[in-house]
Amino acid sequence: MASLLDPQARGRVILVGAGPGDPGLLTVRAVEALRVADVVVHDGLIDPRVLDLAPAAAQRISVAKQRARHTLPQDAINALIVAHVKTGAIVVRLKGGDPFIFGRGGEEVEAVRAAGLPVEVIPGVSAALGCAAEAMLPLTHRDHASAVSFVAGQCKGLSEQDWSGLAGQGRTLVIYMGVATADAIADKLIADGVAPDMPVAVLERGTLAGHRALKTLLADLGAMVKREGVASPAIIVVGEVVELSDAEDKLARWARIADEVAA
């Protein structure tokens, strides 16, 4: 069976992971897909240098999403992709990170298949992996963590998520989309038994210009996010491995915070 990247194969979708931001982290296969695109349907956080890899004549369509405001609902994005494919176009659906990690890639594959159209998926470096590597933060380590979990900090509300056992000694928890709910995340984890002094890192704009890696303790997470003016895109890493990172230490106020927690 010929690859869908065959330029003679018209009318198909290539779902491409664009990685965490830096164009240098694109896979070779992702670059090949972009170079044959007729239409690029892309997220809002895609670096312009990545979009420039598509032919100049390719149509570029932004379907950027922001918290609580979507330019297009997911069903409309699915319909847009299918409509362009039906014209015989090669449609590259370009997503930040990896399409199958909090990228709704599974929903889009289902929609394309339901329309009877061919689709290929090209994985990307996830935000967790790319941002952690930049901060020299190993998500697993033989001496500190033998398990790692990924959760969404806003997906259908924190109250509907069961994070029991995901964070703590020997375990690393990576939280996507958690900046706006950092206070609630810290409260939730502490209530589930995670120690208030568990190390936490916030990796902001990983691999992009202006990136920051900040380190604190769980009880200080929400306060630090406010104090430092952290903004999305950012991920939160909870676990002992954070101590191994190059993240900037933001623990100067911990003595006062610890007293408040103890009280």
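Relevant structure appears above.
Because the structure is a prediction, the values reported are computed rather than measured.

Looking at this structure, I do not really get the sheet that holds strand β9 (residues 170-176). What am I missing?
Strand pairing within a sheet occurs via backbone hydrogen bonds; the two strands may be parallel or antiparallel. If you walk across this open sheet you meet the 6 strands as β8-β9-β12-β10-β11-β13, and the pairing is mixed. Of all the strands in the sheet, the pair left with one neighbour each is β8 (145-152) and β13 (248-249). In the sheet, β8 pairs with β9 via 7 bridges, with the strands oriented parallel. Within β9, the residue paired with A147 across the bridge is R171. Where helix α7 (residues 221-228) meets the sheet, it contacts β10 (199-204), β11 (212-217) and β12 (234-238), and its direction lies at approximately 145° from that of β11.

Looking at this model, I keep getting lost on the packing of aromatic side chains. Mind explaining?
How two aromatic rings sit relative to each other is given by the distance of their centres and the angle of their planes. Within this structure, the stated rule accounts for 2 aromatic pairs. Between F102 and Y176, the aromatic rings sit 5.0 Å apart at their centres with planes inclined by 55°, giving tilted as the arrangement. On the criterion of sequence distance, the pair formed by F102 in the loop between β6 (90-95) and α4 (105-114) and Y176 in strand β9 is long-range, its members being 74 residues apart. With centroids separated by 6.4 Å and ring planes inclined at 70°, the aromatic side chains of F150 and Y176 adopt a geometry described as edge-to-face. Residue F150 is found in strand β8, and its partner Y176 is found in strand β9; the two are separated by 26 residues along the sequence. Given a relative accessible area of 33%, F150 falls into the partly exposed group.

I tried to follow the environment of V82 on my own but got confused; where do I start?
Secondary-structure assignment places V82 in helix α3 (residues 74-85). V82 sits in the buried class, given a relative accessible area of 11%.

What exactly am I supposed to notice about the nonpolar core here?
Side chains of nonpolar character tend, in soluble globular proteins, to be buried together. Counting 24 residues, the largest nonpolar core has I175, L189, L221 and V238 as its most contacted members. Among the elements that make up this core, the one with the highest residue count is helix α6 (residues 182-191) (4 residues). Core analysis: the next-biggest nonpolar cluster, separate from the first, contains 19 residues, I14, V31, V40 and I90 among them.

About the thresholds
- Residues numbered from 1 in each chain as written.
- Predicted model: local features only at pLDDT ≥ 70, side-chain atom pairs only at ≥ 80, totals over all residues.
- Heavy atoms only, no water.
- Pairing = 2+ DSSP bridges.
- Helix = DSSP H or I, 4+ residues; strand = E, 2+ residues; numbered from the N terminus.
- Contact = heavy atoms within 4.5 Å.
- Axes fitted to C-alpha atoms, helices over the stretch in contact; angles between N-to-C directions.
- Phe/Tyr/Trp six-rings, centres within 6.5 Å; stacked < 30°, edge-to-face > 60°.
- Buried < 20%, exposed > 50% of the residue type's maximum accessible area, 1.4 Å probe, protein only.
- Core = buried A, V, L, I, M, F, W, Y, C linked by side-chain atoms within 4.5 Å.

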